[in-house]
Each structure stands twice: as C-alpha cells, then as structure tokens.
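Structural overview
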Amino acid sequence: MRNSLKILLGLSCIALTTASLAAGNPAMGKKKAVLCSTCHGPDGNSLVATFPKIAGQQPNYIVKQLEDMKAGSRPAPLMAGAIAGLSKEDMQDLASFYAEQKGKIGKAKAKDFKLGQQIYRGGIMDKKVPACMACHGPKGDGNNEANYPKLNGQFAQYTIQQMDKFASGKRHNDQNKIMQTIAKKMTKQEISAVANY
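Summary of the structure given here. All chains use their own residue numbering, which begins from 1 and follows the written sequence. Per-residue local features are limited, in this predicted model, to residues with pLDDT of at least 70; the limit for side-chain atom pairs, both in listing and counting, is 80 or more; totals at the level of whole chains, interfaces and linings are taken over all residues. Values shown for side chains rest on all heavy atoms present in the structure; no hydrogens or waters enter the calculation.

Our next topic: the overall build of the protein. Numbered from the N terminus, helices here are DSSP runs of H or I no shorter than four residues, and strands are runs of E no shorter than two. Of regular secondary structure, the protein possesses 11 helices and 0 strands. If you list the helices and strands of the protein from N to C, you get α-α-α-α-α-α-α-α-α-α-α. Residue exposure ignores everything except the shown protein chains as possible cover, and the areas themselves are Shrake-Rupley values with a 1.4 Å probe. Accessible surface for the protein amounts to roughly 11600 Å². Of this, 61% is attributable to carbon and sulfur atoms.

Printed below as a string of structure tokens:
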C-alpha cells in the first residue's frame, strides 16, 4: 500500500511538471527568442554578468517575470520595449524554449565560498534567515510549481543586484515579500558570498 502511494505521488508530480512545461511551444519559442538573444545569448546563456542566464530556468518563473515586467510591477527599463508586444502565449513559448536549454555553470571564487555555502545550506540562524536551499533546492534548481527560480549557474553579479533591489524595495514582485525580508537582514558580504556560492 505504501509503495503504491509513493508511485501514485511520483506520477502525479511528473504529470504536473509535464503539464507546466507543455503550456508553451518550444519550437515557436525559439523563433520568438531572436530579439532575446541579443542580451541573453542564443540559448539563454548570457555572456554579460548584468544580464541573467535564463537557460534551464523554471518556465513558470520566466512567465511570471515577463508578466510582472510588462505590467510594471517589476521595473525593468531595458526589457520594456522588448516585451511590450508579447502575449501570454508568446511568454509561454519563450519560457518553454528556455526551460529546455542547458545552463552553463561557471566556477565559484574561493573568496567567501565557505560562508556562501553555509548560508545557502543552513541560513543565518541568529538573523532568522532561512537556508536558500529550502526554496531553491539543494542544487539550486528552483521549484517550478512554487515559482522559485533556478539559481544554479547564475552570475554572482546579477544575483547581488537583485538581492540589493529586494533589500531596497526597488524590486517587490516576490511572493509574500519573502526575498525582501531576507535581503534586508543580510550584510553586503553575506549577499556577495551566497551569490558567489
């Protein structure tokens, strides 16, 4: 009985994940991604540390960010013109295409690696900062159903910029102000260390 329940739950998770990925058409997304490639690279692996890598990113997260940027709830002046004409279907197609791409992983710097690992895996207890992996997963792959982004392989510089925006309130499109609350409790060194990790 217990094994049957585990199998049923496992199949349900696979079905949910497949349904989420099936919402968009990756072949159409590839055609629509021509403009995106200027900043994010042809396969979503940006070469510029201020532009995020979106290869392998969770598709639900991509759609939400595009919707938020288009609506203005996530200010992104550089994206405004590029996304102004996108429909929900366009966003889903793009998200599906980028979700299928393989992210390129860089190498973390030795400086503050240990501190970054400690924060990512165990949080900062005295500040009530939870472990990053609680939401973003042990390997930083994120969680599509919960809209938590993949962080694995993301540029440290981009991650630091986003954490700074959450801390200052310039970015406020996070669920229940989770990232704003966390970022405000962290020092610059702690943010830099975990971003590097």
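Okay, the side chain of Gln-162 next. Tracing the chain through its elements places Gln-162 in helix 9 (residues 156–168). In this structure the side chain of Gln-162 is engaged in a polar contact, spanning 3.1 Å, whose partner is the side chain of Arg-74. Every residue pair with non-hydrogen atoms within 4.5 Å of one another is taken to be in contact. Residue contacts for Gln-162: discarding those within four places in its chain leaves Arg-74 and Arg-171. Any N or O atom pair separated by 3.5 Å or less is treated as a polar contact, with the protein-specific requirement of one donor-capable and one acceptor-capable atom, and with residues adjacent in sequence counted only for side-chain atom pairs.

Next up on the list: the packing of aromatic side chains. Working definition: a ring pair exists when centres of Phe, Tyr or Trp rings (six-membered ring for Trp) sit within 6.5 Å. Plane angles under 30 degrees give stacked, over 60 give edge-to-face, the rest tilted. Inspection of the entire model under this criterion finds 3 aromatic pairs. Between Tyr-120 and Tyr-197 the ring centres are 5.7 Å apart and the planes differ by 45°, which places this aromatic pair in the tilted class. One end of the pair, Tyr-120, is in helix 7 (residues 113–122); the other, Tyr-197, is in the segment after helix 11 (188–196), and 77 residues separate them in sequence. With a 1.4 Å probe rolled over the protein chains alone, any residue whose accessible area is under 20% of its type maximum counts as buried; one over 50% counts as exposed, and the rest are partly exposed. Exposure remark for Tyr-197: the relative accessible area of 27% places this residue in the partly exposed category. Among the aromatic residues, those joined into a cluster by ring pairs are Phe-113, Tyr-120 and Tyr-197. Working rule: Lys NZ or Arg CZ, within 6 Å of ring centre, within 35 degrees of ring normal, means a charge sits over the ring. The side chain of Lys-53 reaches across the aromatic face of Phe-155, ending 4.7 Å from its centre.

Looking only at helix 10 (residues 178–185), the buried set comprises Gln-180, Ile-182 and Ala-183. If you follow the buried residues of helix 10, they end up packed against helix 9 and helix 11.

Now for the environment of Ile-191. Take Ile-191: it is sitting in helix 11. With a relative accessible area of 4%, Ile-191 lands in the buried category. Residues Ile-191 and Gln-161, spaced 30 residues apart in sequence, show a C-alpha to C-alpha distance of 9.7 Å. Discounting residues that sit within four places of it in the chain, Ile-191 has contacts with Ile-160, Met-163, Asp-164, Ala-183 and Met-186.

Between N-to-C directions, angles span 0 to 180 degrees; the directions come from axes that are lines fitted to C-alpha atoms, helices contributing only their stretch in contact. As a packed pair, helix 9 and helix 11 sit with axes 8 Å apart at the nearest point and diverge in direction by 140°. As summarised for this structure, helix 9 and helix 11 are arranged oblique, according to the angle between their axes. Here the hand of the crossing between helix 9 and helix 11 comes out right-handed. Of the residues in helix 11, those in contact with Ala-156, Thr-159, Ile-160, Met-163 and Asp-164 of helix 9 are Lys-188, Ile-191, Ser-192, Ala-195 and Asn-196. Gly counts as polar in this scheme, as do all residues outside two lists: the nonpolar Ala, Val, Leu, Ile, Met, Phe, Trp, Tyr, Cys and Pro, and the charged Asp, Glu, Lys and Arg. For the contact of helix 9 with helix 11, the class distribution of residues is 5 nonpolar, 3 polar and 2 charged. Oblique is the label for any angle not covered by the other classes, which are roughly parallel (under 35 degrees), roughly antiparallel (over 145) and roughly perpendicular (65 to 115). Left-handed describes a crossing whose near helix is turned anticlockwise from the far helix through less than a right angle; right-handed describes the clockwise counterpart.

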